[in-house]
Amino acid sequence: MYGNVAHNIYAQNNVGIESPAKLIEMLYEGVLRFNAQAKKAITDGNIEKRVYWINRSVAIITELISVLDMKQGRVAGYLEGLYNYEIQLLMLASVHKDTAKLDEVSSVFKALLEAWRETTNVAR
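Engineer: Honestly, the nonpolar core in this entry has me stumped. Any pointers?
Structural biologist: Judged by nonpolar contacts, the single largest core of 29 residues is most densely connected at Tyr-28, Ile-61, Leu-64, Tyr-83 and Phe-109. Listed by contribution, the elements that provide at least two residues to this core are α2 (20-44), α3 (47-66), α4 (74-96) and α5 (99-120). Sort the elements by how many residues they give to this core and α2 lands first, with nine residues. Discounting residues that sit within four places of it in the chain, Ile-61 has contacts with Val-31, Tyr-83, Glu-86, Ile-87, Leu-90 and Phe-109.

What follows is the structure, encoded as structure tokens:
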């Protein structure tokens, strides 16, 4: 459910995506952007926006899980576990209005984004 929503949003906004590698980069950037918005909503005490932005991040991570090729070995399994853990942290951040948990998720996705850019040579 969430996966198709995330993919459709990015497909609509970026019709000319050059490659699947670029799409993954954009999804990682989306998580970072949406987490920043969720953090602001928590700080502002805006429940509706907090839930909205966290749900957007969860949708993207769900999409990332759905595109994993589990035949590629242990890295795919590791990423699946990591992504699921990040979803759990986002849910806890939402329930407990915990910006530290959002920061933790953002830190992981910043590292993933950096590693992705290094390994795929996606132009910035």
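Engineer: Explain the layout of surface pockets to me, please; I cannot follow it from the model alone.
Structural biologist: Any empty space left between atoms is shown by rolling a water-sized probe over those atoms. For the largest pocket, the calculated volume is near 400 Å³. Lining the largest pocket are 19 residues; nearest its centre among them are Ile-24, Leu-68, Leu-79, Tyr-83 and Trp-116.

Rules of the game
Residues numbered from 1 in each chain as written. Predicted model: local features only at pLDDT ≥ 70, side-chain atom pairs only at ≥ 80, totals over all residues. Heavy atoms only, no water. Core = buried A, V, L, I, M, F, W, Y, C linked by side-chain atoms within 4.5 Å. Buried < 20%, exposed > 50% of the residue type's maximum accessible area, 1.4 Å probe, protein only. Helix = DSSP H or I, 4+ residues; strand = E, 2+ residues; numbered from the N terminus. Contact = heavy atoms within 4.5 Å. 1 Å grid on protein atoms, 1.4 Å probe; cavity = no way out; pocket = protein on both sides within 12 Å on 5 of 7 lines; lining within 4 Å. Points joined across faces, edges and corners; volume = space filled by probe spheres on them.

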